Structure formats: structure tokens, C-alpha cells
Amino acid sequence: MLDAFSRAVVGADAKGACLGSADLASLRQHVADANIRIDATNAIAQHISCIAADAVSGMVCENTGMTQPGGNCYPTRRMAACLRDGEIILRYVSYALLAGDASVLDDRCLNGLKETYDALGVPIKNAVRAVEIMKAATVAIITDTNSGPSAFQGISGKGSDCQGIAAEAASYFDRVISSLS
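Residues numbered from 1 in each chain as written. Predicted model: local features only at pLDDT ≥ 70, side-chain atom pairs only at ≥ 80, totals over all residues. Heavy atoms only, no water.

An unreviewed UniProt entry lists the protein chain under the name Phycobilisome protein (Phycoerythrin beta-subunit), from Prochlorococcus marinus. UniProt, in its Sequence similarities (unreviewed entry) section for the protein chain, records the words "Belongs to the phycobiliprotein family." (UniProt positions renumbered as here; feature names shortened; annotations may be inferred.)

Following this line, the structure appears as C-alpha cells:
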């Protein structure tokens with residue numbers, strides 16, 4: 001995983017050139033957005049258990065047979081595995097968001113996830129649905145459009161100030177969905 005600065009240096013070095021004005025402008029923007037990026041990551045971290053639990057609950061409510069004998073969330077250890085996986089996905093999305101780089105998500109979370117779920121008999125459409133719910137909840141928290149308490153009270157960004165970082169977070173969830181599909 002490379003941060004924005006390391007990526008700029010590696011890219012310039014690969015070309016045998018100094019950092020150009022476009023590289024430096026990109027780094028300036030990255031620094032300017034750093035507080036919002038940190039706050040968004042913190043908001044995910046503070047709400048990780050609730051986001052995962054709400055997503056799994058929503059998925060189960062849409063598929064009520066999942067908690068019955070023979071369902072994929074029965075017995076409780078399978079439900080616990082769903083919650084754990086949701087939190088792991090959120091954790092790696094938050095790492096990618098903080099770094100501004102999806103490679104940690106790809107390498108440590110998504111690499112082989114679909115194959116593992118297939119081998120375990122996890123219904124992919126249900127896993128995708130849970131990720132969609134986590135994506136919606138995370139974007140709502142970051143943009144302060146959730147119905148609960150504000151995650152950004154008086155910090156560095158609020159609502160519309162966070163649209164860019166929310167879109168970036170959404171793109172990481174889209175990567176998860178794409179890797180499962």
C-alpha cells in the first residue's frame with residue numbers, strides 16, 4: 001500500500017523525472033483534504049459495529065428464512081460470522097479511505113473473498129446486499145445525512161463539504177460488490 005506521497009514519488013521515479021506541477025497540485029489537494037479524510041475514517045471506526053449489524057439485520061429482514069434451521073445465518077455462529085465479515089470489510093474500506101489507495105482493500109480483504117464465500121456456500125446475492133446497505137449507511141454518516149447523531153459536529157467538514165470523500169468511500173464499497181459479483 002502506498003500513500004499519496006509515495007505513489008507520486010514512485011510514479012515520477014519510474015519515468016525518470018522530477019515531480020511535476022500536476023503531481024504537486026494533487027499532493028496539495030490531498031493535504032488540504034486530510035482532515036476530512038481523517039474525520040470520515042474516524043466516523044466509520046466509531047460506527048463500525050452498528051453499520052455492520054444494521055446491514056446484516058437488513059439483509060436478514062429481506063430474507064427471513066436465513067435465520068431458520070438450514071438458513072445461512074443459522075445457527076448463531078453463522079450470524080456471528082456475517083457480522084465479523086461486515087466489520088472486516090468496513091475496516092479495510094476505512095484503511096483505503098485513509099490512505100486514498102484501494103490496494104490494501106484489494107490485497108488483504110478482496111483477494112479470494114468470492115472463492116471463499118463460494119466454497120462455504122455463502123449466498124453471494126445476500127453478501128452483496130449487506131455491502132450495499134453498509135455503503136448507504138457509511139455515505140449517510142460521512143455526509144451527515146443519517147438520522148442519528150452527527151459524526152462531524154464542529155470538526156473539519158460537514159454535509160456537502162464531504163461529498164468527495166463520501167464518493168470515494170462509495171467507490172471502495174463498489175469494489176467489494178464488484179469482486180463478489
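(A) Representation of the packing of aromatic side chains. In total, this model carries one aromatic pair according to the counting rule given. Plain terms: the ring middles of Y92 and Y95 are 5.1 Å apart, the flat faces sit at 85° to each other, and that makes the pair edge-to-face. Linking Y92 with Y95, this pair stays in helix α4 (residues 76-99), spanning three residues, or about one helical turn. Residue Y95 is classed as partly exposed on the basis of its relative accessible area of 34%. (Phe/Tyr/Trp six-rings, centres within 6.5 Å; stacked < 30°, edge-to-face > 60°. Helix = DSSP H or I, 4+ residues; strand = E, 2+ residues; numbered from the N terminus. Buried < 20%, exposed > 50% of the residue type's maximum accessible area, 1.4 Å probe, protein only.)

(B) Expanded view of the packing of helix α5 (residues 103-110) against helix α8 (residues 163-180). Two elements in contact, α5 and α8, have axes whose closest approach is 11 Å; the angle formed by their N-to-C orientations is 35°. Note on packing geometry: the crossing formed by α5 with α8 is right-handed. Facing L105, D106 and L110 of α5, the residues of α8 in contact are Y172, R175, V176 and S179. Of the residues assigned to the contact of α5 with α8, the class counts are four nonpolar, one polar and two charged. (Axes fitted to C-alpha atoms, helices over the stretch in contact; angles between N-to-C directions. Left-handed = near helix turned anticlockwise from the far one by under 90°. Contact = heavy atoms within 4.5 Å. Nonpolar A, V, L, I, M, F, W, Y, C, P; charged D, E, K, R; others polar.)

(C) The arrangement of a nonpolar patch on the surface in detail. Taken together, the side chains of V9, L19 and L24 make up a nonpolar region of the molecular surface, amounting to roughly 220 Å² of accessible area. Along the polypeptide, L19 turns up in the loop between α1 (4-15) and α2 (21-32). We classify L19 as partly exposed; its relative accessible area is 32%. (Patch = residues over 30% accessible without salt bridge, like charges linked within 9 Å, V, L, I, M, F, W, Y side chains within 5 Å. Areas by Shrake-Rupley, 256 points an atom, 1.4 Å probe, with all protein chains shown as cover. Salt bridge = Lys/Arg side-chain N within 4 Å of Asp/Glu carboxyl O.)

(D) Layout of unusual backbone geometry. Note the cis peptide between Y74 and P75, where omega equals 0°. Among the structural elements, P75 can be located in the loop between α3 (34-62) and α4.

(E) Quick look at α1. Between its first and last C-alpha atoms α1 spans 17 Å; for 12 residues at 1.5 Å apiece the expected length is 16 Å, and the two agree. Along α1, the residues that are buried comprise A4, A8 and A12. Projected down its long axis, α1 carries its buried residues within an arc of 65°, all on one side. Turned more than 90 degrees away from the buried face of α1 sit D13 and A14, all of them exposed. Just past α1, the residue G16 takes up positive phi, approximately 70°. (Expected span 1.5 Å × (residues − 1). Arc of directions from axis to C-beta.)

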